[in-house]
Number of protein chains: 2
Amino acid sequence: MVQSSKNRRRKRTAAKAAGAPIQFGPLEQWVGFTLRMAQEASFEAFSRLSRDIGENPGRFAALTLIAENPGISQTALSQASGRDKSSMTPVLDDLVRRGLVRRQRTHDDRRAYRLSLTPSGVKALAKLTACARQHEQNLDRIIGPRARAGFVRVLRKISSEIS
Amino acid sequence: MVQSSKNRRRKRTAAKAAGAPIQFGPLEQWVGFTLRMAQEASFEAFSRLSRDIGENPGRFAALTLIAENPGISQTALSQASGRDKSSMTPVLDDLVRRGLVRRQRTHDDRRAYRLSLTPSGVKALAKLTACARQHEQNLDRIIGPRARAGFVRVLRKISSEIS
């Protein structure tokens, strides 16, 4: 909490130093840009909460998906978390190096790995899940109970129909 | 268009190869994750459209913001596009190397740069803007005219209130 208010203060100071208000031009009207800005702000808020407990938000979705799908392959994990395989590799390398995830070669395909959590991975996930729960409560308060269902429905529609 | 249908085909094949359906556990219910998946899907769709014209979607917001705010500093640009300064640096280095953006040192602060578009930058932005317009039309069709205003209002509320 101390850290997050310090971050906010730093942000305001920098914005002030930058001077004149920024013109967003056509971006302002576009859903694609508005969606990206909301996602960046939400991710940044979740990052601050997890840094406060010495964790890293990039690990959260990967750890949860491995916990829910023990033995999952790296390819399936990348797809499930909406990343391409190359951007998942450094996240996984970091998780393995920190002893949170175990990589085991499969017998039938020597090039493929099956992933699972170590006991330390289970502990880290529990801490991150508590953070994520706090973050969700903050989002829910902002969105409001009346708008929530419709908002989530549109987000899911975008995920499944855009191509 | 040829490339985008090829990409979709590749995605389906890989998903099939991965086998059993993925369990998302608590992620499935969380707005934060749903927001991220929608943003990743939307960005990927915009990427495919811009690759079809030999462009890169990461450049679009930066080029637009520089065009709308000639002389903008790198710090102000990072803030306006919701990125931290370190993740903006490689995007800008690439734009300068390709001759789309000009960096000029300011007289009053030798460490600061002012950014502006070159004539090639103006041309690249015009092509990317046509792509973005197409992408917006696709998003609008998916969201639907009735849901659009409420959806955008919630996204803006998240950007301004989450902390």
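Preceding this paragraph is the structure being described.
Scope of this entry: the structure provided in the associated data block. (Residues numbered from 1 in each chain as written. Chains lettered and ligands numbered in written order. Predicted model: local features only at pLDDT ≥ 70, side-chain atom pairs only at ≥ 80, totals over all residues. Heavy atoms only, no water.)

## Examining the overall build of chain A
Piece 1. A tally of helices and strands in chain A yields seven helices and two strands.
Piece 2. When the 163 residues of chain A are sorted by exposure, 46% land in the buried category.
Piece 3. Taking all contacts inside chain A whose residues are at least 6 apart in sequence as the whole, residues at least 24 apart take part in 51%.
Piece 4. Roughly 8,800 Å² of accessible area belongs to chain A as shown, and the carbon and sulfur atoms make up 52% of that amount. (Helix = DSSP H or I, 4+ residues; strand = E, 2+ residues; numbered from the N terminus. Buried < 20%, exposed > 50% of the residue type's maximum accessible area, 1.4 Å probe, protein only. Contact = heavy atoms within 4.5 Å. Areas by Shrake-Rupley, 256 points an atom, 1.4 Å probe, with all protein chains shown as cover.)

## A word on the interface of chain B and chain A
Piece 1. Contacts between the two partners involve 65 residues from chain B and, on the opposite side, 65 residues from chain A.
Piece 2. A buried area of about 6,000 Å², summed over both sides, lies between chain B and chain A, and 70% of it is on carbon and sulfur atoms.
Piece 3. For chain B, the biggest contributors to the area lost against chain A are Trp30, Ile142 and Ile162 of chain B; these three give 12% of the whole.
Piece 4. Taken together, the links from chain B to chain A amount to zero salt bridges.
Piece 5. At the boundary of chain B and chain A, one finds 16 residue pairs in polar contact (both at pLDDT 80 or more).
Piece 6. No other element matches helix H2 (residues 31-52) of chain B, which puts 14 residues into the side of chain B that touches chain A.
Piece 7. Class assignment of the residues belonging to the side of chain B that touches chain A gives a composition of 33 nonpolar, 17 polar and 15 charged. (Buried area = accessible area lost by both parts, 1.4 Å probe. Salt bridge = Lys/Arg side-chain N within 4 Å of Asp/Glu carboxyl O. Polar contact = N/O pair within 3.5 Å; in protein donor to acceptor, adjacent residues only side chain to side chain. Nonpolar A, V, L, I, M, F, W, Y, C, P; charged D, E, K, R; others polar.)

## Quick word on the relation of the copies chain B and chain A
Piece 1. For the pair chain B and chain A, the relating rotation is 180°, the translation along its axis is 0.0 Å, and the fit reaches an RMSD of 0.0 Å. On this basis, the relationship between the two copies can be described by a two-fold rotation axis. Within chain B, the C-alpha atom positioned nearest to the axis of rotation is that of Phe151 of chain B, 3.0 Å from it.
Piece 2. An overlap of 100% is found between the interface residues of chain B and their copies at the interface of chain A, pointing to a shared contact surface. (Least-squares fit on C-alpha atoms with pLDDT ≥ 70 in both.)

## Notes on the pattern of salt bridges
Residues and elements named next belong to chain A.
Piece 1. Using the criterion set out here, one finds 22 salt bridges over all chains in the structure.
Piece 2. Residue Arg59 is joined to Asp94 by a salt bridge in which the shortest nitrogen-to-oxygen separation is 3.2 Å. With Arg59 in helix H3 (residues 58-68) and Asp94 in helix H5 (residues 85-97), this pair connects stretches of sequence that are 35 residues apart.
Piece 3. Classification of Asp94 by relative accessible area gives buried; the value is 15%.

## Describing the environment of Thr64 of chain A
Piece 1. Inspection of the secondary structure assignment puts Thr64 of chain A in helix H3.
Piece 2. Look at Thr64 of chain A and you get buried, because its relative accessible area is 3%.
Piece 3. Between the alpha carbons of Thr64 of chain A and Gly121 of chain A there is a distance of 9.8 Å; along the sequence they are 57 residues apart.
Piece 4. Here Thr64 of chain A is in contact with Leu125 of chain A together with Phe24, Pro26 and Leu27 of chain B, once residues within four sequence places are set aside.

## Comments concerning the packing of aromatic side chains
Piece 1. With the rule as written, the count across this model stands at seven aromatic pairs over all chains.
Piece 2. Ring centres of Trp30 of chain A and Phe60 of chain B lie 5.9 Å apart, and the angle between their planes is 15°; this geometry places the pair in the stacked category. Of this pair, Trp30 of chain A sits in the loop between helix H1 (2-17) and helix H2 (31-52) while Phe60 of chain B sits in helix H3 (residues 58-68), each in a different chain. In this pair, the class of Trp30 of chain A matches that of Phe60 of chain B, namely buried.
Piece 3. Ring geometry for Phe24 of chain B versus Phe33 of chain B: centroids 6.0 Å apart, planes at 45°, classification tilted.
Piece 4. Members of the aromatic cluster, connected to one another through ring pairs, are Trp30 of chain A together with Phe46 and Phe60 of chain B.
Piece 5. The ring of Tyr113 of chain A has Arg103 of chain A sitting right over it, with the charged end atom 5.6 Å from the ring centre. (Phe/Tyr/Trp six-rings, centres within 6.5 Å; stacked < 30°, edge-to-face > 60°. Lys NZ or Arg CZ within 6 Å of the ring centre and 35° of its normal.)

## Quick look at the sheet that holds strand S2 (residues 101-105) of chain B
Residue and element names in this part refer to chain B.
Piece 1. Taken in spatial order, the three strands line up as S1-S3-S2 in an open sheet, and their pairing is antiparallel. Two strands lie at the open edges of the sheet, namely strand S1 (72-73) and S2, each paired on one side alone.
Piece 2. Bridge count between S2 and strand S3 (residues 113-117): five bridges; the pairing is antiparallel. Each bridged residue has a counterpart across the sheet, and for Arg105 the counterpart in S3 is Tyr113.
Piece 3. The strands that H3 touches are S1, S2 and S3; relative to S3, the one it contacts most, it runs at about 100°. (Pairing = 2+ DSSP bridges. Axes fitted to C-alpha atoms, helices over the stretch in contact; angles between N-to-C directions.)

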